[in-house]
Amino acid sequence: MENSARRPLVTFALLAYNQERYVREAIEGAFAQTYEPLEIILSDDCSPDRTFEIMQEMAASFRGHHVVRCRRRERNLGLAGHINVVISEASGELIAWAAGDDISLPERVSLLAAPMSEDIDVVGSYSAFVNIDIFGNQIGQSKTPPNNGEMTMGKVVSEKQLGIYSQTHVFRKTVFEKFGPLDLSLTNETLPMTFRELCLGKIVYVDEPTVFYRVGSGVSTYGGSDVDACTIYEPLKIAMWRFSAFSQICKDMEMVECVPALCKDQILRKKKYYECLWRINSQRFNFSSVLDLFRCGLIDVRAIAAFMRRNSPKMLRKFYIHNILLR
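Conventions used here
- Sequence positions are assigned chain by chain, starting from 1 and proceeding in written order.
- Under the rules for a predicted model, residues below a pLDDT of 70 receive no local features and side-chain atom pairs below 80 are neither given nor counted, while totals for whole chains, interfaces and linings still include all residues.
- Only hydrogens and water are set aside; all other atoms, that is, all heavy atoms of the structure, feed into the side-chain values.
- Here the aromatic set is Phe, Tyr and Trp, taking the six-membered ring for Trp, and pairing holds for ring centres within 6.5 Å; pairs whose planes are under 30 degrees apart are stacked, those over 60 apart are edge-to-face, and all others are tilted.
- Secondary structure elements follow DSSP: runs of H or I no shorter than four residues count as helices, runs of E no shorter than two count as strands, and numbering proceeds from the N terminus.
- Classification of residues uses two cut-offs on accessible area relative to the type maximum, computed with a 1.4 Å probe and protein chains only: under 20% is buried, over 50% is exposed, and between them is partly exposed.
- Polar contact criterion, stated in full: a pair of N or O atoms within 3.5 Å, where within protein one must be able to donate a hydrogen and the other to accept it, and residues adjacent in sequence count only if both atoms are side-chain atoms.
- Should any heavy atoms of two residues lie within 4.5 Å, those residues are counted as being in contact.
- Between any two strands, at least two bridges found by DSSP are needed for them to pair.

1. Section: the packing of aromatic side chains
For the structure on display, the rule yields eleven aromatic pairs. Aromatic pair Phe 31 and Phe 62: ring centres 4.3 Å apart, planes at 35 degrees, arrangement tilted. Of the two residues, Phe 31 sits in helix 1 (residues 23–31) while Phe 62 sits in the loop between helix 2 (51–61) and strand 3 (67–72), which places them 31 residues apart along the sequence. Of the two residues examined, Phe 31 and Phe 62, each falls in the buried class. Ring centres 5.4 Å apart and planes at 90 degrees place the aromatic pair Tyr 126 and Tyr 165 in the edge-to-face group. Taken together, the residues span a long stretch of sequence, with Tyr 126 in strand 6 (residues 122–127) and Tyr 165 in the loop between helix 5 (153–157) and strand 9 (170–172) at a distance of 39 residues. The class for Tyr 126 is buried, based on a relative accessible area of 1%.

Written as structure tokens, this is what we have:
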């Protein structure tokens, strides 16, 4: 590609686990990228199915210009551990990662790397995306800039402003060189990555879809129909996402001096709040956690709903959910 020698090397990391049904399309999306120079790492986190075999077959038959490497862990590391290992092995100045059930459109890397090539203060970029179901049918699209202007640390930490869409994300490898690997307990990387990048510079939003994001098939989306799973275990998972995210942010903010005092206070309070919310969702009659929420001044409807889910009779819980929460 013209002028590719002057472009930064990008590592496209495709991280998969137990996704043999979808990984072929995900790999085809990686291979179809128009950006050069591009290093593609196909990484399997010790899947019990044929995910890695498909990766090997497709890597061996690839005849394009991209450099393709295929790797597999001998034991499952989980989300954060898998990310850490792949990034430590990446050669690129910029990193794009993708899940094994999503499909990146051909211009994804080109569109998202451009802002960082044009402005050294841009540390990360992300874009709109198209939702698809487990069969590949389009079911919705994010179209407009989600943050109503420039993303700020204060609004992101307070959760008044969305962070990056990690499924469309491209960022500078210096983010990990500055802050180090993610904690292995982290179960959702969106908020910590947003925080890290805002500490180091700007984040840019590209208002053009670059990914088909598959809903209902992966570890981050729920595809079942069981009432108890939806009303108890899904909120438990989301509370753990937030608790682990703010725990990571608490650790990261000690490494920089740019975090305003009000943000630091809010980060600590949010960590405490989500820890309590996680305990309420996971244990019955957990009055001590409710009292802890009152003490930190962050009690809200989510905590009340969580307490009712865990402690009210099943019929009352269903009545509350269908007649109050879902109205």
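2. Thoughts on the side chain of Thr 51
Residue position: Thr 51 is located in helix 2. A polar contact of 2.8 Å, which involves the side chain of Thr 51, links it to the backbone nitrogen of Gln 19. A distance of 3.1 Å separates the side chain of Thr 51 from the backbone nitrogen of Glu 20, its partner in a polar contact. Those residues within four positions of Thr 51 in sequence are excluded, and the remaining contacts are Ala 16, Asn 18, Gln 19, Glu 20, Val 23 and Asp 44.

3. Some thoughts on the environment of Ile 87
In this fold, Ile 87 is placed in helix 3 (residues 78–89). Judged by its relative accessible area of 6%, Ile 87 falls in the buried class. In the structure, Ile 87 is positioned 86 residues away from Lys 173 in sequence and 7.8 Å away in space, judged by C-alpha atoms.

4. Description of the sheet that holds strand 7 (residues 130–132)
Strand order across the open sheet formed by four strands is 5-11-7-8, with mixed pairing between neighbours. In the strand order of this sheet, the two ends are held by strand 5 (103–104) and strand 8 (138–141), each with one partner. Sheet topology places strand 5 next to strand 11 (residues 211–214); two bridges connect them, and they run antiparallel. Within the sheet, the bridge partner assigned to Ser 104 lies in strand 11 and is Val 211.

Any functional reading would require information beyond the geometric quantities listed.
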